[in-house]
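# Tertiary structure, described
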Amino acid sequence: SYPNQKLTISKTKIDGNLLGKMMGKPGLIRGQFLIDSILDTKIGKLTDGKIHIKSKNLAIPPQSIQGFETPLLNLKHLSIKAKLEKKKNLKIQNIILGNGQSPIQLQLSGKMILNQKNMASSTYELKGEIKFSEKFLTDFPIIAPFIMGKKNKNGFYKLEIKGSLS
């Protein structure tokens, strides 16, 4: 019989460079992240848990995304809260990215269906809203056709994201 295991991470700071390397994408993110989590496993599979990740200095370095060059995105604020429900369903309580001074503000919630044998095959469904600064929209007019006509009174656009981690 395999023992149950509990992993507790309490108020632990991790550098973005380390997180990028752990995700197999060195240099993907910059900043310091504060992590609080409790994860229970049995036979090497998650059975229960919750996680909260926060940052006050998140930045995304310049990148090339499908041929488009992005500048340094100094997003500053990040908060991710999630809780495992029914062993396979990770409820994303919220993902909050950016603030009023950031080029992008994002608020999402939803779920991730975990494939515990192959995490890269896990799927997600997230809904929320996104807001771009005027400067960001001016610098990246390619975004305009995708968001036209969907803005609400606070300047946010509705957003729905579905897919797999791979």
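Let us look at the structure shown here. Quantities reported herein were computed from a predicted structural model and do not represent experimental measurements.

### Overview of the overall build of the chain
Check the secondary structure of the chain and you find 3 helices and 10 strands. Reading the secondary structure of the chain in the N-to-C direction produces β-α-β-β-β-β-β-β-β-β-α-α-β. A principal-axis box enclosing the C-alpha atoms of the chain has dimensions of 60 × 30 × 30 Å. By residue count, 31% of the 166 residues in the chain fall in the buried class. For the chain, the proportion of contacts with a sequence separation of at least 24, taken over those separated by at least 6, is 48%. Here the chain carries 28 positive and 11 negative side-chain charges, and the mean point of each set is 5 Å from the other.

### Notes on the nonpolar core
For soluble globular proteins, nonpolar side chains are generally found buried alongside one another. In terms of nonpolar packing, the biggest core is built from 31 residues, with Phe33, Leu58, Leu75, Leu90, Ile104, Phe132 and Phe136 touching the most fellow members. Breaking this core down by element, the ones donating at least two residues are strand 2 (32-42), strand 3 (45-60), strand 6 (73-85), strand 7 (89-97), strand 8 (104-113) and strand 9 (123-132). Ranked by the residues each element gives to this core, the list is headed by strand 6, at 5 residues.

### So, unusual backbone geometry
Even without glycine at this site, lysine 11 takes up a positive phi of about 45°. Within the secondary structure, lysine 11 is located in strand 1 (residues 4-15). Under the relative-accessibility criterion, lysine 11 is labelled exposed at 65%. Unlike most non-glycine residues, lysine 76 shows phi in positive territory, near 65°.

### What to know about the sheet that holds strand 1
Reading across the sheet, the 8 strands line up as 1-2-3-6-7-8-9-10 and stay open at both edges, with antiparallel pairing between neighbours. Of all strands in the sheet, those bounded by a partner on one side alone are strand 1 and strand 10 (157-164). Sheet twist, expressed as the mean angle between neighbouring strand axes with direction ignored, is 10°. Relative to strand 9, strand 8 runs antiparallel, the two sharing 10 bridges. Across the sheet, lysine 111 pairs through a bridge with glutamate 125, a residue of strand 9.

### Quick look at the packing of aromatic side chains
In the structure shown here, the tally under the stated rule is 3 aromatic pairs. When the centroid spacing of 4.9 Å and the interplanar angle of 35° are considered together, the rings of phenylalanine 136 and phenylalanine 140 count as tilted. An aromatic cluster is defined as three or more aromatic residues linked by ring pairs; in this entry it consists of Phe132, Phe136, Phe140 and Tyr157.

### Considering a positive patch on the surface
Where like charges cluster on the molecular surface, the positive patch consists of Lys11, Lys13, Lys54, Lys56 and Lys81. Within the residue set of the positive patch, elements represented by two or more residues are strand 1 and strand 3. Topologically, lysine 56 is positioned in strand 3. Looking at lysine 56, the relative accessible area reads 78%, which means it is exposed.

### Observations concerning the pattern of salt bridges
Evaluation of the coordinates by the stated rule reveals 4 salt bridges. Residue lysine 6 is joined to aspartate 40 by a salt bridge in which the shortest nitrogen-to-oxygen separation is 3.3 Å. Of this pair, lysine 6 sits in strand 1 while aspartate 40 sits in strand 2, and the two are 34 residues apart along the sequence. Taking the relative accessible area as the measure of exposure, lysine 6 reaches 57% and is therefore exposed.

Rules of the game
- Residues numbered from 1 in each chain as written.
- Predicted model: local features only at pLDDT ≥ 70, side-chain atom pairs only at ≥ 80, totals over all residues.
- Heavy atoms only, no water.
- Helix = DSSP H or I, 4+ residues; strand = E, 2+ residues; numbered from the N terminus.
- Buried < 20%, exposed > 50% of the residue type's maximum accessible area, 1.4 Å probe, protein only.
- Contact = heavy atoms within 4.5 Å.
- Lys, Arg positive; Asp, Glu negative; His and termini not counted.
- Charge placed at Lys NZ, Arg CZ, Asp CG, Glu CD.
- Core = buried A, V, L, I, M, F, W, Y, C linked by side-chain atoms within 4.5 Å.
- Pairing = 2+ DSSP bridges.
- Axes fitted to C-alpha atoms, helices over the stretch in contact; angles between N-to-C directions.
- Phe/Tyr/Trp six-rings, centres within 6.5 Å; stacked < 30°, edge-to-face > 60°.
- Patch = residues over 30% accessible without salt bridge, like charges linked within 9 Å, V, L, I, M, F, W, Y side chains within 5 Å.
- Areas by Shrake-Rupley, 256 points an atom, 1.4 Å probe, with all protein chains shown as cover.
- Salt bridge = Lys/Arg side-chain N within 4 Å of Asp/Glu carboxyl O.

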